[in-house]
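# Architecture at a glance
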Amino acid sequence: MTALLVIAKEPRPGRVKTRLTPPFTPREAASLAEASLADTLEAVAATPADRRVLVLDGEPGPWLPPGFDVVPQCAGGLDERLAHAFARCAGPALLIGMDTPQVTPQLLTVDFAGCDAWFGPAEDGGFWALGLARPDPALLRGVPMSTSSTGAVQRNRLVAAGLRVRDLPRLRDVDTEADAHLVAALAPKGRFAGRLARCAGAGSEAPGGECGPVAGSRPVTAPASRPAVSR
């Protein structure tokens, strides 16, 4: 594996996980997004790779472990932003989002020998992972995003291009409260599960509806072989 990419938004209230509001406040939803991102980055940090990249809309915070390059997302729709992320890669790359905190290094350790692409379908009809042995932005541009058929269209695009595609296990993205509880049950020792328990138990008496920042829990660690941030 040459590169592992995580595409993410800075977890700020009102900008992330808006479908969690209600029942959670915007600050609680952002706190849950932060925990999900931290769990995801930790899994990526523990996965063998030549390069780890955070493709970020916003600014990095204390949830970012060392060992990641940080590059900004381009303007445009999600298909353009994903395409632009792959355009930066000179060799094999696997890209994931920040919405599957249950992901593990075992799931992310893929081998392109004998295939051209890896595809990770999501329960909502989208996809949580896409790997390309030879990144080609044209494979993503024009794919309708955030629909129940996004995953099928994207996988068909790969097959139509003559690529040999292997499938990763189907995972659930965290979009709704129901998703959050189901995902937390799959990784009960993660930051996301702990944060969800705190948020769900905070109730209306918690000041501002806060359930705490990721930075105040346990530190995020990663290999120190690469600079933490490069702009």
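We now turn to the structure provided with this report. (Residues numbered from 1 in each chain as written. Predicted model: local features only at pLDDT ≥ 70, side-chain atom pairs only at ≥ 80, totals over all residues. Heavy atoms only, no water.)

### Remarks on the sheet that holds strand β4 (residues 93–96)
Pairing within the open sheet is mixed, and its 7 strands lie in the order β3-β2-β1-β4-β6-β5-β7. Bordering the open sheet on either side are β3 (69–72) and β7 (165–167), each of which pairs with just one other strand. Each neighbouring strand pair of the sheet contributes to a mean axis angle of 20°, computed without reference to strand direction. Together, β1 (3–9), β2 (51–57) and β4 form the strand contacts of helix α1 (residues 26–45), whose direction differs from that of β1 by roughly 175°. Along the sheet face, helix α4 (residues 150–160) touches β5 (117–121), β6 (127–132) and β7 and points at about 15° away from the line of β6. (Pairing = 2+ DSSP bridges. Helix = DSSP H or I, 4+ residues; strand = E, 2+ residues; numbered from the N terminus. Axes fitted to C-alpha atoms, helices over the stretch in contact; angles between N-to-C directions. Contact = heavy atoms within 4.5 Å.)

### Observations concerning unusual backbone geometry
Residue P22 is reached from T21 by a cis peptide bond, and omega for that bond is -10°. Cis geometry marks the peptide bond from P22 to P23, where omega comes out at 15°. By secondary structure assignment, the location of P23 is in the loop between β1 and α1. If you check the backbone angles, K17 has positive phi at about 50° while not being a glycine.

### Here we look at the environment of G125
Counting through the fold element by element, G125 comes out in the loop between β5 and β6. For G125, a relative accessible area of 19% gives the class buried. Between the C-alpha atoms of G125 and T147, which are 22 residues apart in sequence, the distance is 7.0 Å. (Buried < 20%, exposed > 50% of the residue type's maximum accessible area, 1.4 Å probe, protein only.)

### Comments concerning the nonpolar core
Nonpolar side chains in soluble globular proteins tend to end up buried together. In this structure, L41, L54, L108 and W128 are the most contacted members of the largest nonpolar core, which totals 32 residues. Of all the elements in the fold, those that place two or more residues in this core are β1, α1, β2, β4, α3 (105–108) and β6. Examining the composition of this core, we find that 7 residues originate from one element, α1, more than from any other. Excluding its chain neighbours within four sequence positions, the residues that come into contact with L54 are V6, A8, L41, W63, L64, F68, D69, V70 and V71. (Core = buried A, V, L, I, M, F, W, Y, C linked by side-chain atoms within 4.5 Å.)

### What about the pattern of salt bridges?
A complete count under the given rule lists 11 salt bridges for this structure. The residue D69 makes a salt bridge to R51 at a minimum N-O spacing of 2.8 Å. Placement of D69 in strand β3 and of R51 in strand β2 is noted, with a sequence separation of 18 residues between them. Residue classification places D69 among the buried positions, given a relative accessible area of 3%. The network of salt bridges with common partners includes K17, R19, D99 and D175. (Salt bridge = Lys/Arg side-chain N within 4 Å of Asp/Glu carboxyl O.)

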